[in-house]
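Residues per chain are reported as follows:
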Amino acid sequence: MSADTRNPPLDLPAIKAAARLLEQGRLVAFPTETVYGLGADAENPAAVARIFEAKGRPSDHPLIVHLSPQADLARWAADIPDEARRLIEVFWPGPLTLILKRAAGIPDTVSGGQDTIGLRCPSHPVALALLHEFRQGQGGIAGPSANRFGHVSPTTAQHVREEFGESHPLIGCILEGGQSEVGIESTIIDLSRLSSHGPVLLRPGRLSAQEIGDVLGCAVALPDLAAPRASGTLDAHYAPATALALVPGEQLAQVLQELTAKGRRLALMHHSALPANAVSGTILATIRMQAEPAPYAHDLYARLRALDHAGAELIVVEAPPTGSGWEAVNDRLRRSAFDSVGVLSRLLA
Ligand code: TXA
Ligand code: MG
């Protein structure tokens, strides 16, 4: 997958300095094509512990390990099934994370005590250069999204600074890499239980279950209750600080009318033509999204952050289309708006 064309030229001295910081056990925020990551040396349990501390994330939540294209997979995964090799061949570097059985030598801190490991080779040129520099391309950078636990993921370096401040004691540096091209987190496919469950989609992303299934020549199952825990699959996640309600397009005009009649201060995100009543003085900010899944996903988190700063009591989001290609956008918005019905009834009471 090509990098965002707005990426500035590589700042190699900064990338080399960041690699040395990682080797010393410090944290480094780095751009990827999906969202920015908060990286640590995956083989240094003390460094990995700092990620959980900085994010305020429970330490039993497993992290994704980022690898360079030259990395020796057998160091990380105990068993590399043919299915994994085929997906890697087609989709790496790119926004696909594979869950495999963890190799014996890899500390279990990185996978929250589970016997599996999430592996991904990102395509962003800064991430690739950092992985190339770090431990001569043979290390792994454990990296969750560089946001505080439960918040919206960052898609620019500025968002990372908004999450953690200009200088955070645990974060050695924040590498610049422009706006993340994909804009939402990677697709996660569990290949660790192939014999019993086949390939299982744990988190939808830019790459759809259909595209993955086409390469594997079989259907990819949707998550089941026995699936490993994934924090991005908790009900309330990816959430702005302002309450958020998802409203179907056909109800939008009426819901806006009722809320503004109550004097509720609103921010609005929509993709269809606006209803005539959506120009009320109590709608403080309005953003129109592109009605295509890729540009919608690209903009989603940055726009949610902007609306979060509008001083509104509620962000109203017109529910996106549900057709093919929209699965990941709907998944993230459903989790941001985990209590739409309750929030709406409180604000309309
Ligand atoms: O696009 C991405 O995947 C970004 C960039 C930075 O690479 N990373 C990211 O990481 O979204 P994080 O930690 O915010 O989300 C990773 C998800 C979590 O839901 C985690 O539980 C799941 O991956 N995960 C990681 N390792 C796993 C494992 N061994 N088994 C099951 N789920 C795992
Ligand atoms: Mg995250």
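About the criteria used
Residues numbered from 1 in each chain as written. Chains lettered and ligands numbered in written order. Predicted model: local features only at pLDDT ≥ 70, side-chain atom pairs only at ≥ 80, totals over all residues. Heavy atoms only, no water. Domains from an automatic or database assignment. Buried area = accessible area lost by both parts, 1.4 Å probe. Salt bridge = Lys/Arg side-chain N within 4 Å of Asp/Glu carboxyl O. Polar contact = N/O pair within 3.5 Å; in protein donor to acceptor, adjacent residues only side chain to side chain. Helix = DSSP H or I, 4+ residues; strand = E, 2+ residues; numbered from the N terminus. Nonpolar A, V, L, I, M, F, W, Y, C, P; charged D, E, K, R; others polar. Phe/Tyr/Trp six-rings, centres within 6.5 Å; stacked < 30°, edge-to-face > 60°. Buried < 20%, exposed > 50% of the residue type's maximum accessible area, 1.4 Å probe, protein only. Core = buried A, V, L, I, M, F, W, Y, C linked by side-chain atoms within 4.5 Å. Contact = heavy atoms within 4.5 Å. Pairing = 2+ DSSP bridges.

Chemist: Please clarify how the domain arrangement of the protein should be interpreted in this entry.
Modeler: Where interface size is given, it is often the accessible area lost as the parts come together that is meant. Annotation of the protein at the domain level lists domain 1 (12–216) and domain 2 (243–348). A C-alpha centroid distance of 30 Å is found between domain 1 and domain 2. Taken together, both faces of the contact between domain 1 and domain 2 bury some 1,300 Å²; the carbon and sulfur share is 58%. It is Val-152, Ile-184 and Pro-204 that lose the most area in domain 1 upon contact with domain 2, and together they represent 39% of the buried surface on that side. Taken together, the links from domain 1 to domain 2 amount to three salt bridges. Its salt-bridge partner being Arg-305, residue Glu-162 comes within 3.6 Å of it at the nearest N-O pair. Seen at the junction of domain 1 and domain 2, the total is seven residue pairs in polar contact (both at pLDDT 80 or more). No other element matches the three residues that helix 5 (residues 157–164) contributes to the side of domain 1 that touches domain 2. Residue composition of the side of domain 1 that touches domain 2, by class: six nonpolar, eight polar and six charged.

Chemist: Looking at this structure, how should I read the packing of aromatic side chains?
Modeler: Two aromatic rings are characterised by how far apart their centres lie and by the angle between their planes. The full count for this structure, using the stated rule, is one aromatic pair. Residues Tyr-296 and Trp-326 carry aromatic rings whose centres are separated by 5.4 Å and whose planes lie at 75° to one another, so their mutual orientation is edge-to-face. Of the two residues, Tyr-296 sits in helix 9 (residues 293–308) while Trp-326 sits in the loop between strand 13 (314–318) and helix 10 (327–336), which places them 30 residues apart along the sequence. According to the relative accessible area criterion, Tyr-296 is buried, its value standing at 0%.

Chemist: When you look at the nonpolar core in this model, what are you seeing that I'm missing?
Modeler: If you look at soluble globular proteins, the nonpolar side chains tend to sit buried side by side. Leu-96, Leu-98, Val-110, Leu-119 and Ile-212 are the most contacted members of the largest nonpolar core, which has 47 residues in total. Taken together, the elements giving at least two residues each to this core come down to strand 1 (27–30), strand 2 (37–41), helix 2 (45–55), helix 3 (82–91), strand 4 (96–101), strand 5 (116–120), helix 5 and helix 7 (209–216). Counting residues per element, this core draws most heavily on helix 2, which supplies five residues. Beyond its immediate chain neighbours, meaning those up to four positions away, Leu-119 contacts Val-65, Leu-67, Leu-73, Trp-76, Ala-77, Trp-92, Leu-96, Thr-97, Leu-98 and Leu-100.

Chemist: Help me understand the sheet that holds strand 5, please; the structure alone is not making it clear to me.
Modeler: Strands belonging to one sheet form pairs held by backbone hydrogen bonds; the direction of such a pair is parallel or antiparallel. Pairing within the open sheet is mixed, and its nine strands lie in the order 7-1-2-6-3-5-4-8-9. The open sheet terminates on both sides in strands that have one partner only, identified here as strand 7 (171–174) and strand 9 (200–203). Where strand 4 and strand 8 (residues 187–190) come together, four bridges link them in parallel fashion. Within the sheet, the bridge partner assigned to Leu-96 lies in strand 8 and is Thr-187.

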